[in-house]
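# Notes for the structure review
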Amino acid sequence: MTAPSYTRADFQTDQEVRWCPGCGDYTILASVQMFLASLGRPREEFVFISGIGCAARFPYYVETYGMHSIHGRAPAIATGLATARPDLSVWVITGDGDALSIGGNHLIHALRRNVNLKIIMFNNQIYGLTKGQYSPTSEVGKATKSSPFGSVDFPFNPVSLALGADATFVARTLDMDRNHTQEMLQKAYEHEGSAFIEVYQNCNVFNDKAFIQLTGKEERVHNRIDLVHGKPIVFDEGSKAVVLRGGEAEVVDSSSVDPKAILVHDETRPDPSVAFTLSRLSHGPYGPTPVGVFRNVKRDAYDIAVNAQVEAAKEKLGPGDINNLIRSHGTWTVGPASPNGSSNGKSGGSDSPDQS
Amino acid sequence: MADDIATADPSTTPTEELDQLVIRFAGDSGDGMQLAGNRFTDASALFGNDLATLPSFPAEIRAPAGTLPGVSSFQVQIADFDILTAGDAPDCLVAMNPAALMKNFKDLRQGGTLIVNTDAFDERNLAKAGYDSNPLEDDSLIGYRVIQAPMDELTKEAVKDTGVSGRNVLRSKNFFALGLMAWLFHRPTEPTIEWVEKKFAKKPEVAAANKAAFQAGYTFGVATEATKNTFAVKPAALEEGTYTNVNGNTALAWGLIAASQKANLPLFYGTYPITPASDVLHELSRHKNFGVRTFQAEDEIAGVGSAIGAAFAGNLAVTGSSGPGIALKSEGISLCFMLELPMIVINVQRGGPSTGLPTKPEQSDLLFSLYGRHGEAPLPVLAIASPSDAFEMAIEAARLAIKYMTPVMLLSDNQIANGSEPWLLPNVDEIPPIEVRFATKANGPDGTFLPYMRNIDTFARPWAVPGTPGLEHRIGGLEKESISGNVSYDPNNHQLMTDTRAWKVANIANDIPDVEVDGDEDGDAEILVLGWGSTFGTIRAAARRARMDGKKVATAHLRHLNPLPNNLGDVLRSYDKILIPEMNTGQLLKVIRAEFLIDAAGLNKVAGEPFKVTEINEKIMEMV
């Protein structure tokens, strides 16, 4: 069978896309659709699961299998799906409120288990669908409808959180940069296990220009740090570099250090400490901020391990026989063979493969 | 070893034949009373008695030793006829310490047999139990047969050459008690010996110690002629066939596996540990060779979420918990109802609200099961009637879930979960298959797939699983347009969809058996006692007793609580009096009154223990 040949249109549904005009979600949707078309994999093998929020409408617009579920629970639902069907490519679409607030528990547990899920978190640092409350990634001091005097909540750094949960693949990208987004999607797709991608996504209605330091024509050259595997970490047209000092990443003038001292990015480093300190270079999209793959390491995927146990059990014990199973705790027979109705001994027990 | 015991001659002590017998083992949580009770039960089951058990244990794993909260007990009734309950009052009580005696003595039948471990009756333990004076030395036990055995000392002596040491020495004293009970009640010893050898095959010194203690207990009875007579209960004349002794959680797990085979679907169980439902997870997780996948989730919400994912994937999806966990799952259950995917939700009820009485039975989640969701979300609700019934009801829940594409609530409770009874084993090959028809091709114009185009008979929507070419579609919690499944905010559509979902579930009434009346062959009973869930045996026994007193009493038991059987209204209206005993404050009573405008009477108890037969019998006698 030859691989199907798709265009972006094959992954568009007949449903009208209903995000606000100018929303970053449109760009991400286009990136994902183009990426899916590029794979040449039958589209019935993809499932998109979302929670609640603006981003969560995403599955309605992708011509694959999909489920728009309940707030925060998409990783749990997707875990059941992926565990039951490791043959599928399962994607979770979520937002900063959905993934980090109401669904924080499911996110960290999916990541630590390393379930074969590709989790794309649209981070706009605001609650959009409920019309503008601060989110768990909003900066301290942010004035919103629910924080008129400024938010006093310290925000999460999503990449740090994912690394802290022992995620095996962690990346960050920007809605505006379709090529970079598709590159991250491709790497996540190739990764066996959980992949977490934080997408900085502009909400032009409730939190416009939140990422201007990374997307603005003037600003981005100074602030965007591209992490490229195997390459020294330099930015701002080579004038700035990242070095490790006392185990901590630090931005320095390139000219002030020996080029050999510049940190060479290694996304496959088994220990997450360096990836973590890179994630601490900024706490939000302010000032020099890394994008790209922070971590990409191998660890057994949960769904593969679960199914391997099932196969191993079948191999060792044979397919189960339910009639043997229900007779495995010892039986007695009442019948013509024992007219007094007394026991004529046990059966089952150790003969049964189902006995522990 | 077994032969040594069997040849030890108990015949010097005369034997009294009984038709039934209630025994309770009671001791500290760490004394191994559940194990002793289960071994006594299995020996009796293999001997051929009918039986029923009622374990009772504290919520604390090890409450402070010697205290009243730390007392754990196990009651079993054995009989030579078909009994229905674990019995009201023990004929024989084993008390391993003063706290066990203090807590259980009031239940012991007047003149019954009491076996005590005298070594535990020291001043400290007596004080902990609240005794001012030693009941073994004052007059408080006059009128009872008391067998005093220094079990600590005799166990130490018995196991001294087996290689166990330290704390392990006294851990065998439950086997001493069990040996003494085996002598006193003529129980076969081989099943216990065989069980010990298998269970402790990897710890031969522990096996040797337990066998030695068991033999020492047996020999203690023979040598001291501990009572003036021993007791025997003949095998019961049960229906012909092969039996096993099974508890409700095990039967439920096996029923789910059977259902997955009957439907030819992999079984997925997504859950979070909670008492008393966890044993379903434990049992299922052992049987991966049946294609069972168990998922111990990070919380209850993920438990139901994972099951929804597995249902979408085309598995037989099940989640299970107890009351507080079901509360957490509520949003997910409503989503599944909206998605119209098949799922079984097991609720092993316990005393509530909140953490309540986690190890005690109650039936207080009925209204919660029927109505405890946001929005209009009626679910089929089924209730298991006894431990072995769990097997059949698991299959029934799967049948309805798959056929009607809906989550189904399956109620059990702690009494069913941990109680056991003989089960006449079915030939599973003869159980009808559960038909599954996955959608495989387009059902709309121009090759489109319409996920909410319904089956004309069941009103179930098609089950199209990911991976099926051409049927890509999206489902979700937002209201769907009828037929197309597209998101719709249209007022008339919401009315239509709400009515359709409700009708689909109500229509299941035409696909379930009529409720059957028991004990009214002549059609002249004055009262119908209606029950649901674990009160089944107690209600039947109470009615049977009333009939022996010449009263005309009928009973009926509901396994389907939503929708209710079609004939229920007619049945209820044909009796002058209706009594509904429930372990809650009147929940089925409320439903029956609301549905049928019938002035039924309730008998209600929420005391953390099941009804006694006497309690229901007295109410019946008061009403007729």
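What you see is a predicted model, and the numbers here were worked out from it, not measured in a lab. (Residues numbered from 1 in each chain as written. Chains lettered and ligands numbered in written order. Predicted model: local features only at pLDDT ≥ 70, side-chain atom pairs only at ≥ 80, totals over all residues.)

### Overview of the overall build of chain B
Applied cut-off: Per the convention used, a helix needs a DSSP run of H or I reaching at least four residues, while a strand needs a run of E reaching at least two, with both numbered from the N terminus. In this description the radius of gyration comes from C-alpha coordinates, and the expected globular size is given by 2.2 Å times residues to the power 0.38. The exposure label follows from counting other C-beta atoms within 10 Å of a residue's C-beta, where the C-beta atoms are placed from the backbone and the thresholds are 20 or more for buried and 12 or fewer for exposed, leaving partly exposed in between. Any pair of residues counts as being in contact when their C-beta atoms, constructed from backbone geometry, are within 7 Å of one another.
Check the secondary structure of chain B and you find 21 helices and 23 strands. On C-alpha atoms alone, chain B measures out to a radius of gyration of 27 Å, which is about the 25 Å that the 2.2 N^0.38 rule sets for 624 residues. Counting only C-alpha atoms, chain B reaches 90 × 60 × 45 Å along its principal axes. For chain B, with 624 residues in total, the buried portion stands at 56%. If you take every contact in chain B between residues at least 6 apart in sequence, the share linking residues at least 24 apart comes to 76%.

### Focus: the sheet that holds strand 21 (residues 560-562) of chain B
All names here are of chain B. The line we're drawing: In this analysis, strands are considered paired if DSSP registers two or more bridges between them. Think of each axis as a best-fit line through the C-alpha atoms, taken over the contacting stretch in the case of a helix, with angles from 0 to 180 degrees between the N-to-C directions.
Strand order in the open sheet made by the 7 strands is 11-10-12-13-15-14-21, with mixed pairing throughout. Of all the strands in the sheet, just strand 11 (293-296) and strand 21 have a single pairing partner and so form its edges. Averaged over all neighbouring strand pairs, the angle between strand axes comes to 20°, with direction disregarded. Where strand 13 (residues 343-349) and strand 15 (residues 407-413) come together, 7 bridges link them in parallel fashion. Residue pairing for strand 15: Gln349 is matched across the bridge by Asp413. Strands strand 10 (267-271), strand 11, strand 12 (316-321) and strand 13 of the sheet are contacted by helix 12 (residues 300-313), whose axis makes an angle of about 170° with strand 12. Sheet strands touched by helix 15 (residues 389-404): strand 12, strand 13, strand 14 (381-383) and strand 15. Its angle to strand 15, the strand with the most contacts, is close to 165°.

### Here we look at the confidence of the model for chain B
Let me state the cut-off plainly: Per-residue confidence from the predictor is given as pLDDT, running between 0 and 100.
On average, chain B scores 95 in pLDDT, and the residues at 70 or more come to 98%. Note on the complex model: pTM 0.93, ipTM 0.94.

### Overview of the nonpolar core
Selection rule: Remark: nonpolar core denotes a set of buried Ala, Val, Leu, Ile, Met, Phe, Trp, Tyr and Cys residues whose joining runs through C-beta atoms within 7 Å.
Of all hydrophobic cores here, the largest spans 274 residues; its most connected members are A:Leu81, B:Val318, B:Met343, B:Ala394, B:Ala398 and B:Leu410. Among the elements that make up this core, the one with the highest residue count is helix 15 of chain B (11 residues). Filtering out sequence-adjacent residues up to four positions away, B:Ala398 remains in contact with B:Ala259, B:Ala263, B:Leu316, B:Ile344 and B:Ile434. With 6 residues, the next largest nonpolar core counts A:Cys23, A:Ile126, A:Cys203 and A:Phe206 among its residues.

### Structural notes on the environment of A:Ser69
In this fold, A:Ser69 is placed in the loop between strand 2 (65-68) and helix 2 (74-84). Judged by the 32 C-beta atoms lying within 10 Å of it, A:Ser69 is buried. Placed 13 residues apart in sequence, A:Ser69 and A:Ala56 show a C-alpha to C-alpha distance of 8.3 Å. When neighbours within four sequence positions are excluded, A:Ser69 is seen to be in contact with A:Ile49, A:Ser50, A:Gly51, A:Ala74, A:Ile77, B:Leu335, B:Gly476 and B:Gly477.

### Some details on the sheet that holds strand 11 (residues 289-296) of chain A
Strand order in the open sheet made by the 9 strands is 7(A)-11(A)-5(A)-6(A)-4(A)-3(A)-1(A)-2(A)-17(B), with mixed pairing throughout. Unpaired on one side and paired on the other, strand 7 (224-227) of chain A together with strand 17 (474-476) of chain B mark the two borders of the sheet. Each neighbouring strand pair of the sheet contributes to a mean axis angle of 20°, computed without reference to strand direction. Inspection of the sheet shows strand 4 (residues 117-123) of chain A paired to strand 6 (residues 195-200) of chain A by 6 bridges, in the parallel sense. Bridged to A:Lys118 within strand 6 of chain A is A:Ala195.

### Quick look at unusual backbone geometry
In the segment running from B:Gly352 into B:Pro353, the intervening peptide bond is cis, with an omega of 0°. In this model, B:Asn562 is joined to B:Pro563 through a cis peptide bond whose omega is -10°. Among the structural elements, B:Pro563 can be located in the loop between strand 21 and helix 19 (568-573). Even without glycine at this site, A:Asn114 takes up a positive phi of about 65°.

### Here we look at the packing of helix 10 (residues 248-263) of chain B against helix 11 (residues 278-285) of chain B
Residues and elements named next belong to chain B. Test applied: Any angle that is under 35 degrees is reported as roughly parallel, and any over 145 degrees as roughly antiparallel; angles of 65 to 115 degrees are reported as roughly perpendicular and all others as oblique. By convention, the crossing between two helices is left-handed when the near helix turns anticlockwise from the far helix through less than a right angle, and right-handed when the turn is clockwise.
For the pair helix 10 and helix 11, the least separation of the axes is 8 Å and the interaxial angle reads 50°. Taken together, the axes of helix 10 and helix 11 are oblique relative to one another. The crossing of helix 10 and helix 11 is right-handed. Contacts between helix 10 and helix 11 involve Asn249, Thr250, Leu252, Ala253 and Leu256 on the former and, on the latter, Asp279, Val280, Glu283 and Leu284.

### Here's the deal with the environment of B:Gly447
Residues and elements named next belong to chain B. Considering the arrangement of structural elements, one finds Gly447 in the loop between strand 16 (420-424) and strand 17. Between the C-alpha atom of Gly447 and that of Asp107, which follows or precedes it by 340 residues, the distance is 71 Å. The contacts of Gly447, once residues within four sequence positions are left out, are Ala442 and Gly470.

### Brief notes about the interface of chain B and chain A
A common way to state how big an interface is: give the accessible area lost once the parts meet. What counts, and what does not: Gly counts as polar in this scheme, as do all residues outside two lists: the nonpolar Ala, Val, Leu, Ile, Met, Phe, Trp, Tyr, Cys and Pro, and the charged Asp, Glu, Lys and Arg.
On the chain A side, the residues contacting the 67 residues of chain B number 60 residues. Secondary-structure elements contributing two or more residues to the side of chain B that touches chain A are helix 2 (33-47), strand 9 (241-247), helix 10, strand 10, strand 11, helix 12, helix 13 (323-339) and strand 17 of chain B. Per-element tally for the side of chain B that touches chain A: the top contributor is helix 12 of chain B, with 10 residues. Its residues assigned to classes, the side of chain B that touches chain A comprises 32 nonpolar, 22 polar and 13 charged. In this sheet, strand 9 of chain B lies alongside strand 12 (residues 332-334) of chain A in antiparallel orientation, the contact comprising 3 bridges. Residue pairing across strands places A:Val334 opposite B:Gly241, the latter belonging to strand 9 of chain B.

### Let's talk about the packing of helix 10 of chain B against helix 15 of chain B
Helix-helix packing is characterised by the crossing angle of the two axes and by the distance between the axes. Residues and elements named next belong to chain B. One way to put it is that helix 10 packs onto helix 15 with a least axis distance of 7 Å and a crossing angle of 40°. The orientation of helix 10 relative to helix 15 falls into the category oblique. Helix-helix and strand crossings are classified by hand; for helix 10 and helix 15 the assignment is right-handed. Every residue of helix 15 that contacts helix 10 at Gly248, Ala251, Leu252, Trp254, Gly255, Leu256, Ala258, Ala259, Lys262 and Ala263 is listed here: Ala390, Phe391, Glu392, Met393, Ala394, Ile395, Ala398 and Ile402. When grouped by side-chain class, the residues that make up the contact of helix 10 with helix 15 number 14 nonpolar, 2 polar and 2 charged.

### A word on the pairing of strand 2 (residues 20-28) of chain B
Residues and elements named next belong to chain B. The buried fraction of strand 2 is high, at 8 of 9 residues. When strand 2 meets strand 4 (residues 71-79), the two strands line up antiparallel, connected through 9 bridges. In the sheet register, Val22 faces strand 4, and the bridge partner there is Gln77. In this sheet, strand 5 (residues 92-95) lies alongside strand 2 in parallel orientation, the contact comprising 4 bridges. Looking at strand 5, one finds that Ala26 is bridged to Ala95.

### Let's talk about helix 20 (residues 587-596) of chain B
Considered for burial, the residues of helix 20 of chain B that qualify are B:Gln587, B:Leu588, B:Leu589, B:Val591 and B:Ile592. Next to the buried residues of helix 20 of chain B lie helix 14 (366-371), strand 19 (527-532), helix 19, strand 22 (577-582) and strand 23 (601-604) of chain B.

### Observations regarding the environment of B:Gly143
Residue and element names in this part refer to chain B. Summarising the element assignment, Gly143 is placed in the loop between helix 4 (123-129) and strand 7 (145-149). Gly143 gets classed as exposed once you count the C-beta atoms within 10 Å, which come to 10. For the pair Gly143 and Met338, spaced 195 residues apart in the sequence, the C-alpha separation amounts to 64 Å. Apart from residues no more than four positions distant in its own chain, Gly143 is found in contact with Gln110 and Gly111.

### Side note on helix 2 of chain A
The element helix 2 of chain A is extensively covered by neighbouring structure, given that 11 of its 11 residues are classed as buried. Among the residues of helix 2 of chain A, A:Ala74, A:Pro75, A:Ala76, A:Ile77, A:Ala78, A:Thr79, A:Gly80, A:Leu81, A:Ala82, A:Thr83 and A:Ala84 are the ones counted as buried.

### With respect to the confidence of the model for chain A
Residues shown with low pLDDT carry predicted positions that ought not to be read at fine detail. With 94% of its residues at a pLDDT of 70 or more, chain A has an overall mean of 93. Per-residue pLDDT stays below 50 along residues 337-356 of chain A; that stretch engages in 46 contacts with residues further than four places along the chain or on separate chains.

### Comments concerning the pairing of strand 23 of chain B
Both strand 22 of chain B and strand 23 of chain B contribute to a ladder of 4 bridges, which runs parallel. Note on strand 23 of chain B: the bridge partner recorded for B:Glu582 is B:Asn604.

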